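Structural characterization, general
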Amino acid sequence: MEWMIDTANLEEIREAMDMLPITGVTTNPSILKAALPFDYEQRLREIRALTPGCSMHVQLGSEACEGMLREAQELQALLGDDIYVKVPVTEQGVKAIRLLKARGVNVTATAIYYPLQAMLAVSAGADYLAPYCNRMEQNEIDFGRVIGQIRDMIDLGGYASRILGASFKNAGQVVRAIDSGAHAVTVPPALLKSCLNSALVTDAVAAFTRDYAKVRGER
Ligand code: E4P
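Below is a summary of the structure that appears in this document. (Residues numbered from 1 in each chain as written. Predicted model: local features only at pLDDT ≥ 70, side-chain atom pairs only at ≥ 80, totals over all residues. Heavy atoms only, no water.)

1. Observations regarding helix 1 (residues 10-19)
Within helix 1 the residues assigned to the buried category are Leu10, Ile13 and Ala16. Axial view of helix 1: buried residues confined to an arc of 130 degrees, hence all on one face. Opposite the buried face of helix 1, by more than 90 degrees, sit the exposed residues Glu11 and Asp18. Elements that come into contact with the buried residues of helix 1 comprise strand 1 (2-6), strand 2 (22-26), helix 3 (40-50) and helix 10 (189-196). Where helix 1 begins, the side chain of Asn9 points an oxygen toward the backbone nitrogen of Glu11, at a separation of 2.9 Å. (Buried < 20%, exposed > 50% of the residue type's maximum accessible area, 1.4 Å probe, protein only. Helix = DSSP H or I, 4+ residues; strand = E, 2+ residues; numbered from the N terminus. Arc of directions from axis to C-beta. Contact = heavy atoms within 4.5 Å. Polar contact = N/O pair within 3.5 Å; in protein donor to acceptor, adjacent residues only side chain to side chain.)

Structure below.
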């Protein structure tokens, strides 16, 4: 099981890295926009520096294959050859995934809503597949079923691609994605922390703390 954080906020990244068993960090242009103002390249470098040993997944901004290939090269020059470039699974995207994989670039196929999209990305060689759970739910697509179908196809074919559940807005969606077969999830840190800080948990701990003081005696 892999836990990634879906944010470009440096403070959130620092705190999550300090506390949680994080294996990667993901962004997209909208996540980066929410963290403005900053210099784009500098922010990516800062995220990289804060997450040693973690995979870094950065989305390409171009819609055309040629632009994606060029951008992937620029990102590798900026952040290192081991970054994962996030490629939306469109016609141009599938073409780009094939070409990027032929060049040995790590690829996270993103903006996945349909099993067929995922299957094409797997055949093109994508390392990770990011199905958009909340967005599917908002469009009455059963994301748990979609993840299950993708997982069955991966297991049946013996493919190495891993499902990275994405686009989460509540804890229940995260649990369902994992339960349905996601190998990894990328979650906003605040959402990961919400279950650790729920009143049920903190009230139970407060009662134990009070009782501990009584059984040990005030010292
Ligand atoms: C992952 O990296 C995705 O881009 C992200 O989780 C999408 O989330 P959203 O649906 O909240 O924009």
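2. Observations regarding the site of the ligand
Lining the immediate surroundings of the ligand are Asp6, Thr26, Asn28, Lys86, Tyr132, Arg135, Ala166, Ser167 and Lys169. Between Lys86 and the ligand, the recorded distance is 2.5 Å, taken from a side-chain N or O atom to an oxygen atom. Note that an oxygen atom of the ligand is positioned 2.6 Å from one of the side-chain N or O atoms of Arg135. Residues belonging to the shell around the ligand are distributed by class as follows: two nonpolar, three polar and four charged. (Near = heavy atom within 4 Å. Nonpolar A, V, L, I, M, F, W, Y, C, P; charged D, E, K, R; others polar.)

3. Structural notes on a nonpolar patch on the surface
Nonpolar side chains collect at one region of the surface, where Leu200, Val201 and Val205 lie side by side and expose about 290 Å² of accessible area between them. By the secondary structure assignment, Val201 is in helix 11 (residues 199-216). (Patch = residues over 30% accessible without salt bridge, like charges linked within 9 Å, V, L, I, M, F, W, Y side chains within 5 Å. Areas by Shrake-Rupley, 256 points an atom, 1.4 Å probe, with all protein chains shown as cover. Salt bridge = Lys/Arg side-chain N within 4 Å of Asp/Glu carboxyl O.)

4. Quick look at the packing of aromatic side chains
Applying the stated criterion to the full structure yields three aromatic pairs. Between the aromatic rings of Tyr84 and Tyr128, the centroid separation amounts to 5.4 Å while the plane-to-plane angle is 70 degrees, which identifies the pairing as edge-to-face. Of this pair, Tyr84 sits in strand 4 (residues 84-88) while Tyr128 sits in strand 6 (residues 128-131), and the two are 44 residues apart along the sequence. For the pair formed by Tyr84 and Tyr128, the shared burial category is buried. Seen from their ring centres, Tyr113 and Tyr132 are 5.8 Å apart, and the 65 degrees between their planes marks the pair as edge-to-face. Residue Tyr113 is located in the loop between strand 5 (106-112) and helix 6 (115-124), and its partner Tyr132 is located in the loop between strand 6 and helix 7 (133-138); the two are separated by 19 residues in the primary sequence. An aromatic cluster of at least three residues, connected via ring pairs, comprises Tyr113, Tyr114 and Tyr132. (Phe/Tyr/Trp six-rings, centres within 6.5 Å; stacked < 30°, edge-to-face > 60°.)

5. Remarks on the state of the cysteines
The full count for this structure, using the stated rule, is zero disulfides. For the unlinked cysteine Cys195, the closest cysteine sulfur is that of Cys133, found at 16 Å. Taking the relative accessible area as the measure of exposure, Cys195 reaches 45% and is therefore partly exposed. (Disulfide = S-S within 2.5 Å.)

6. Some words on the layout of surface pockets
Size it by volume and the largest pocket reaches roughly 420 Å³. Sorting the residues of the lining of the largest pocket by element identifies helix 2 (29-34) and strand 5 as the ones contributing at least two each. The element that contributes the greatest number of residues to the lining of the largest pocket is helix 2, accounting for three residues. In this model, the second largest pocket occupies a volume close to 220 Å³. Lining the second largest pocket are 13 residues, with Trp3, Val174, Leu191, Leu192 and Cys195 positioned closest to its centre. When the residues that make up the lining of the second largest pocket are grouped by side-chain class, the tally is 13 nonpolar, no polar and no charged. (1 Å grid on protein atoms, 1.4 Å probe; cavity = no way out; pocket = protein on both sides within 12 Å on 5 of 7 lines; lining within 4 Å. Points joined across faces, edges and corners; volume = space filled by probe spheres on them.)

Everything listed is a geometric property; what it means functionally is a separate question.
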